[in-house]
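# Residue-level structure breakdown
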Amino acid sequence: MMDGVGRENVSYDPVALRKKYLEERDKRLKKEKDGQYIEAAGDYEDFVADPYVEPGFTREPIIEDVDLLIVGGGLGGLQTAAEAVKRGVTSFKIVEQAGDFGGTWYWNRYPGVRCDIEAYIYMPLIEEVGTVPTERYAVGSEIFEHAKAIGRHFGLYEHALFQTKIETMAWDEDAARWIVSTDRGDTIRARFVSISQGPLAKVKLPGIPGIRAFKGKMFHSARWDYGYTGGDAQGGLTKLTGKKVGVLGTGATAVQIVPKVSEYAGELYVFQRTPSAIDIRNNSKTDVAWLKSQPSGWQRKRMENFLSIVTGVPVSENLVNDHWGDLWLRFGELMHAHFKPGGDVSPETLMQQADFEKMEQMRARVASEIRNPELAEKLKPWYNFLCKRPLYSDEFLPVFNRDNVILVDTDGRGVERITEKGIIANGREYELDLIVLATGFDVGAPPHKVGEYEVLGRNGLTMEQKWSNDLRTVHGTQLNGFPNFHIVGGTAQGTTAFNFTHTLQMQAEHAIAIINYCLDRGIKTMEVTPEAEERWHGIIEAKHVDHQKFYEECTPGFLNNEGNFKEKPTYIGGTYGGGPLEYEQLIARWRDEDMMRDTIIT
Ligand SMILES: NC(=O)C1=CN([C@@H]2O[C@H](COP(=O)(O)OP(=O)(O)OC[C@H]3O[C@@H](n4cnc5c(N)ncnc54)[C@H](OP(=O)(O)O)[C@@H]3O)[C@@H](O)[C@H]2O)C=CC1
């Protein structure tokens, strides 16, 4: 079937393409690697101040013993708390630094914010809560509202401590509890802790000279200032009329911001270092009758079907049927047609073929959307599809046909400097009123780098010390030396997926099943043994999928630590190689069969 962007009859020269990809990568490799970014902390903390709460919030400190402390009120924390409630755990607190639940959907309120994953599988617990997403790909505010609805439905607000940051968390051997203090003067003594701090919690700023020099308005996309721009995420940015706006970045965030801002700004400058591959969104209104007629358990089934497709697990039907699955479905077709065990065509060759085809389609889409052929060339992406997180938009590319939108392509170099008046790129100064830093997050920073507090396990052991030689965990969620401690959202030696809430759900259920097991039986402490960590390490090694060559050849980005894949394991590189669905079965089996062998219980 043709879909208007030349998805059939794709022809290309694989040798020339590979050469071009490597040349484009080389333009972008920076000696600073991931050190090119500045963390929005310390001297840069003002970039992450919460613009959505009234200043001056105070409350009385609490001193409380609880069975469970959940760190983080984003979707992972909510899924953990909902699971706790379902299992009858009633004594718990949720500590969240924001002013409400929602996590990434609380912070990211920029114009055009929308989830790229279908709402029916992304928005957790919609069957239980009764939320009906209005569109197939929901806007951010709707997901934020759903997060709050989860909070109301499961009675989580009475357990929440908002606008509260953890300052210390230490295991007390005698009390067999985690003693946690906060910046609001609280002391919480928790039998169990589950942390869920999110992969997008740490804002990244570009470490370019002059970032403090700019005299106009500047903010990161995750702290949008509607007081300055007017309007809301849906539009109405009328205060930008006549203004010169610069958006720095062309990732998943920028492609959503740019079309909205282009409707209002006098001039919009989009500073591009690497053009992104932008696939078809094809959004639609929810067929409410269809949604309401689904049998119980439909959401889980749909989630599993999607996850199977995007991890190459064969399925007999394609329930979601959007463009996320294209690459794997095509790979499956090629394997079926050309792969024979012992034959001379390898799965890698066929995957590369599927990838070249996919990216040719992406480039053909650019050519068909952009009227000016020279401009179209600048917007074409030259890397393997999975080198960057895939993007979906039907609005971004056509925006460059507008007169008030100017692409500043830096041909891989990035912008050079920020000045009092604006941005210098390609040796020219662009004067601006507003600079939006759509420069992303420290995706997948290890847990001890996300929260700005130290977790002190047995005998004051820190995670940094524990992992100083090599990473050791059981399932990426439990650690020897850290009893009664769980990580939800653990990717290193754990798992992840494009539909991140799906893997959060797996780990939330796992953590609460274990915690509930202990609470039911009066078990004071449960700690995974060093032998269990070695066993899991062995499984991780045995299942290891060697991504090294692939990511080394990739254009830099957060998936390969900005071209530093060899020296530093990444978010993706260290996950369980059998894939998330196998991981889910394996952790369930572990609870039933091996938990007693692998833990010390008191
Ligand atoms: N579910 C959803 O719909 C959404 C999800 N997200 C999530 O957030 C993640 C992060 O996305 P995003 O916020 O876009 O961040 P990204 O890290 O994907 O993008 C950052 C952008 O900033 C650019 N950049 C950085 N430094 C410079 C510089 N000095 N000069 C010019 N450009 C520069 C990068 O260029 P270069 O490419 O060259 O590095 C890149 O285009 C996504 O991968 C996704 O997981 C975000 C938005 C929507």
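Structure first, text after, so check above.
Report on the accompanying structure.

Definitions and limits used
- Residues numbered from 1 in each chain as written.
- Predicted model: local features only at pLDDT ≥ 70, side-chain atom pairs only at ≥ 80, totals over all residues.
- Heavy atoms only, no water.
- Salt bridge = Lys/Arg side-chain N within 4 Å of Asp/Glu carboxyl O.
- Helix = DSSP H or I, 4+ residues; strand = E, 2+ residues; numbered from the N terminus.
- Buried < 20%, exposed > 50% of the residue type's maximum accessible area, 1.4 Å probe, protein only.
- Near = heavy atom within 4 Å.
- Polar contact = N/O pair within 3.5 Å; in protein donor to acceptor, adjacent residues only side chain to side chain.
- Axes fitted to C-alpha atoms, helices over the stretch in contact; angles between N-to-C directions.
- Parallel < 35°, antiparallel > 145°, perpendicular 65-115°, else oblique.
- Left-handed = near helix turned anticlockwise from the far one by under 90°.
- Contact = heavy atoms within 4.5 Å.
- Nonpolar A, V, L, I, M, F, W, Y, C, P; charged D, E, K, R; others polar.

Attention now moves to the pattern of salt bridges. Counted by the stated rule, this structure contains 45 salt bridges. We note a salt bridge from Arg365 to Asp394, for which the minimum N-O separation is 2.8 Å. Highlighted residues: Arg365 in helix 12 (residues 347–369) and Asp394 in the loop between strand 13 (391–392) and strand 14 (405–409), separated in sequence by 29 residues. For Asp394, a relative accessible area of 29% corresponds to the partly exposed category. Beyond isolated ion pairs, a larger network of salt bridges with shared partners links Lys20, Glu24, Lys27, Arg28 and Asp411.

A separate point is the site of the ligand. Taken together, the neighbourhood of the ligand is formed by 25 residues, with Asp116, Thr253, Arg273, Thr274 and Lys388 sitting nearest. Between the ligand and the protein, one listed contact pairs an oxygen atom with a backbone N or O atom of Ala252 at 2.9 Å. Contact between the ligand and Val415: a nitrogen atom at 3.1 Å from a main-chain N or O atom of the residue.

Take the packing of helix 11 (residues 326–338) against helix 12 next. The packing of two helices is summarised by the inter-axis angle and the distance between the axes. The N-to-C vectors of helix 11 and helix 12 enclose an angle of 135°; their axes lie 9 Å apart at closest approach. Regarding the angle of helix 11 to helix 12, the classification is oblique. Note that helix 11 runs across helix 12; the crossing there is right-handed. When helix 11 is examined against helix 12, the residues Asp326, Leu327, Trp328, Arg330, Phe331, Leu334, Met335 and His338 are found in contact with a partner set consisting of Pro347, Leu350, Met351, Gln353, Ala354, Asp355, Glu357 and Lys358. Its residues placed into classes, the contact of helix 11 with helix 12 shows nine nonpolar, two polar and five charged.

Axis separation between helix 10 (residues 298–310) and helix 19 (residues 580–598) bottoms out at 9 Å; the angle between their running directions is 125°. Taken together, the axes of helix 10 and helix 19 are oblique relative to one another. Side by side, helix 10 and helix 19 meet where Arg300, Glu304, Leu307 and Ser308 of the first sit next to Pro580, Leu581 and Glu584 of the second. Per-class residue counts for the contact of helix 10 with helix 19 are three nonpolar, one polar and three charged.

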